[in-house]
Amino acid sequence: MAARPATVTTRSAWHEVPRLQVRRFAAIAMAEAPALAEEILREIRREYPHLPVVLDENGEPMALVGIRRAIEAFVQHLEQADYSSGRPTVPPGVFQDFGRGEGYNGRTLDSLQAIYRMGVRLAWRRFADIGQRVEIPPPAMYELVDAGYEYLDGLVDQSVRGYAEAAARQAGERLRLQRRLMELLLAERHRSDPADALSERAARIGWALPERVAVGVLLRPAREALAPAVGQGVLLDLEYEQPRMVVPEPDAAGRQELLQRALGGWSGAIGPPVPLAHAAKSLRWAEAAVHLMERRLLPAGEVLFCTEHTEALVLLQPEELIDDLALRCLAPLAHCGPTHGRRLAETLLAWLETRGGAPEVAARLGVHPQTVRYRLRQIRQLWGDEIDDPDRRFELELVLRARRLRGEFGRVRT
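Residues numbered from 1 in each chain as written. Predicted model: local features only at pLDDT ≥ 70, side-chain atom pairs only at ≥ 80, totals over all residues. Heavy atoms only, no water.

Per an unreviewed UniProt entry, the chain carries the name PucR family transcriptional regulator and comes from Streptomyces cadmiisoli.

A.B. asks: Could you clarify how one ought to interpret the nonpolar core in this entry?
C.D. replies: Nonpolar side chains in soluble globular proteins tend to end up buried together. Formed by 45 residues in total, the largest nonpolar core has its most connected members in Trp14, Phe25, Ile71, Tyr116, Phe127 and Ile136. Broken down by secondary-structure element, the contributors of at least two residues to this core are helix H1 (19-31), helix H2 (33-47), helix H3 (62-80), helix H4 (94-104), helix H5 (110-134) and helix H6 (138-186). Every residue in contact with Phe127, bar those within four places of it in the chain, is listed here: Phe25, Ala29, Leu36, Ile71, Phe74, Val75, Met141 and Leu144. Trp207, Val246, Leu297 and Leu304 belong to the second largest nonpolar core, which has 39 residues in total. (Core = buried A, V, L, I, M, F, W, Y, C linked by side-chain atoms within 4.5 Å. Buried < 20%, exposed > 50% of the residue type's maximum accessible area, 1.4 Å probe, protein only. Helix = DSSP H or I, 4+ residues; strand = E, 2+ residues; numbered from the N terminus. Contact = heavy atoms within 4.5 Å.)

A.B. asks: Explain the packing of aromatic side chains to me, please; I cannot follow it from the model alone.
C.D. replies: The geometry of an aromatic ring pair is captured by the separation of the ring centres together with the interplanar angle, meaning the angle of the planes. For the coordinates displayed, the defined rule picks out 3 aromatic pairs. Measuring from centroid to centroid gives 6.0 Å for Phe25 and Phe127, while their planes differ by 55°, and the two rings are tilted. Taken as a pair, Phe25 in helix H1 and Phe127 in helix H5 lie far apart in primary sequence, 102 residues in all. Phe127 shares its class with Phe25; the two are buried. Judged by centre distance (5.3 Å) and plane angle (45°), the ring pair of Phe74 and Tyr151 falls under tilted. Here Phe74, found in helix H3, pairs with Tyr151, found in helix H6; they are 77 residues apart in sequence, far enough to count as distant. Accessibility classification places Phe74 together with Tyr151 in one group, the buried group. (Phe/Tyr/Trp six-rings, centres within 6.5 Å; stacked < 30°, edge-to-face > 60°.)

A.B. asks: Would you mind going over the pattern of salt bridges with me for this structure?
C.D. replies: When charged atoms on two side chains of opposite charge get close, those side chains can pair. Tallied over the full model, the rule gives 21 salt bridges. Here Arg401 ties to Glu353 by a salt bridge, and the two come within 3.2 Å at their closest N and O atoms. Here Arg401 is found in helix H15 (residues 390-405), whereas its partner Glu353 is found in helix H12 (residues 338-354), with 48 residues between them in sequence. Overlapping salt bridges bring together Glu311, Glu353, Arg364, Glu397, Arg401 and Arg404 as one network. (Salt bridge = Lys/Arg side-chain N within 4 Å of Asp/Glu carboxyl O.)

A.B. asks: Got a minute to help me understand the environment of Gly131 in this structure?
C.D. replies: Structurally, Gly131 is set in helix H5. Given a relative accessible area of 3%, Gly131 falls into the buried group. Residues Gly131 and Ala29 lie 102 residues apart in sequence; the distance between their C-alpha atoms is 9.5 Å. In contact with Gly131, not counting residues within four places along its chain, are Phe25, Ile136 and Met141.

A.B. asks: Explanation requested: the packing of helix H11 (residues 319-329) against H15 in the structure shown.
C.D. replies: For any two helices packed against each other, one specifies the crossing angle of their axes together with the interaxial distance. Here H11 crosses H15 at 120°, and the two axes come no closer than 10 Å. When the axes of H11 and H15 are compared, the pair comes out oblique. Between H11 and H15 lies a crossing whose hand is left-handed. On H15, the residues touching Ile322, Leu325, Ala326 and Cys329 of H11 are Arg392, Glu395, Leu396, Leu398, Val399, Ala402 and Arg403. Per-class residue counts for the contact of H11 with H15 are 8 nonpolar, no polar and 3 charged. (Axes fitted to C-alpha atoms, helices over the stretch in contact; angles between N-to-C directions. Parallel < 35°, antiparallel > 145°, perpendicular 65-115°, else oblique. Left-handed = near helix turned anticlockwise from the far one by under 90°. Nonpolar A, V, L, I, M, F, W, Y, C, P; charged D, E, K, R; others polar.)

A.B. asks: For this particular structure, what's the right way to read the pairing of strand S1 (residues 212-219)?
C.D. replies: Within a regular beta strand, the side chains point alternately toward one face of the sheet and then the other, so they alternate between its two faces. Buried residues dominate S1, accounting for 7 of its 8 residues. Direction of pairing for S1 relative to strand S5 (residues 274-275): antiparallel, over a ladder of 2 bridges. Residue pairing in the sheet places Arg212 in a bridge with Pro275 of S5. Across 5 bridges, the pairing between S1 and strand S3 (residues 244-248) is antiparallel. What sits directly across from Val213, in S3, is Pro248. In this structure, S1 lies alongside strand S4 (residues 267-270), joined through 4 bridges in antiparallel fashion. For Leu218, the partnering residue across the bridge sits in S4 and is Gly268. (Pairing = 2+ DSSP bridges.)

A.B. asks: Is there a simple way to explain the pairing of S3 in this structure?
C.D. replies: Within S3, 5 of the 5 residues are buried, which leaves the element mostly enclosed by the surrounding structure. Residues Arg244, Val246 and Pro248 point to one face of S3 and Met245 and Val247 to the other, with burial holding for every one of them. The turn linking strand S2 (residues 235-237) back onto S3 is made up of 6 residues.

A.B. asks: What is the right way to read the environment of Glu165 from this model?
C.D. replies: Along the chain, Glu165 turns up in helix H6. Distance in space between the C-alpha atoms of Glu165 and Gln96 is 9.3 Å, their sequence separation being 69 residues. Beyond its immediate sequence surroundings of up to four residues, Glu165 is in contact with Gln96 and Arg100.

A.B. asks: I would appreciate a short explanation of unusual backbone geometry in the present structure.
C.D. replies: Of note, the phi angle at Glu135 is positive, near 65°, even though the residue is not glycine. Along the chain, Glu135 falls in the loop between H5 and H6. On the accessibility criterion, Glu135 (62% relative accessible area) is exposed. Here Glu249, not a glycine, exhibits a phi torsion of approximately 45°, which is positive. Tracing the chain through its elements places Glu249 in the loop between S3 and helix H8 (255-262).

Now the structure itself:
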């Protein structure tokens with residue numbers, strides 16, 4: 001096996017500088033660190049007057065303390081070793097706090113990184129002046145510049161860590177407040193509820209109260225599924241086994257198409273649009289639709305809108321009532337065989353829906369008109385004069401439509 005090539009280590013130019021000169025450079029730089037820190041802070045305030053001044057427990061600006069500590073840590077690394085031995089240790093805490101503050105105040109890290117670069121430029125000017133006084137060779141000073149920008153990377157890393165921490169905490173707090181808002185919004189409302197409670201909770205997350213909402217119930221495509229990108233205006237709570245969603249102004253132009261794109265890969269149901277105070281009613285219909293989807297009585301694998309499946313929701317939801325009504329209304333079919341009884345039921349429903357004669361019913365069922373006439377005579381014999389009663393015809397059509405929706409007999413031709 002061939003031997004691995006030896007690792008080439010570049011020797012630091014500071015190894016060629018006498019230690020006495022290094023110590024003199026470090027001593028002068030350390031003595032001038034406070035003045036350099038103040039100069040950098042003055043320039044920062046001049047260029048970025050909007051940045052707040054935060055004082056520490058001693059009444060000293062935290063930024064000044066952080067800059068001074070960063071300069072001192074950089075110089076100490078030079079004095080104790082050299083810049084071939086790794087990146088200088090970044091002082092913990094302060095620069096992480098800077099990034100955290102930017103996150104909490106809703107700003108980006110762009111201005112903070114620009115400030116850091118300004119500090120490095122000013123520090124380099126001061127170090128270059130000291131280097132001339134101490135007669136540090138140019139190669140070593142050039143190496144110092146590279147080390148300074150590498151050090152800058154460490155400061156930025158600290159700030160990014162603090163910024164990410166702030167963002168995570170804010171996101172967690174927003175989710176907590178959003179969940180509390182949704183709990184109140186979807187609860188059954190009572191007259192004793194404080195009128196401004198909803199407004200107060202909505203204001204805390206910057207959610208403008210809409211006139212109307214629709215509430216959705218979702219089914220996860222997988223346990224690890226990513227949250228759908230429904231947009232900030234839509235409230236989404238994934239903590240439920242079946243996640244819930246509140247859609248503001250669901251009748252707005254393009255809203256339905258946007259939701260369909262955002263919910264690609266998910267399934268579930270979105271309840272009917274209702275006034276804000278009745279959000280719980282929209283939730284109940286969405287839950288009912290999801291229940292029917294799980295029973296395969298409504299199409300599965302997509303997000304349904306309840307307003308497009310009104311007949312199924314109205315007829316299939318009150319199962320016990322519909323079944324009881326069916327026992328009474330369809331009692332005349334009890335003595336017919338299953339196949340013959342189903343055909344008579346299909347013919348009866350087609351006749352009730354068309355209110356036509358044998359040709360119209362036959363076209364709807366796809367059978368011969370003579371077959372329809374035969375069945376209609378049997379139907380009249382079974383129900384007698386009751387078949388002419390409007391209320392009885394309505395009940396018959398109701399239960400027969402429900403049975404068709406359940407798949408108990410085929411759909412008619414239209």
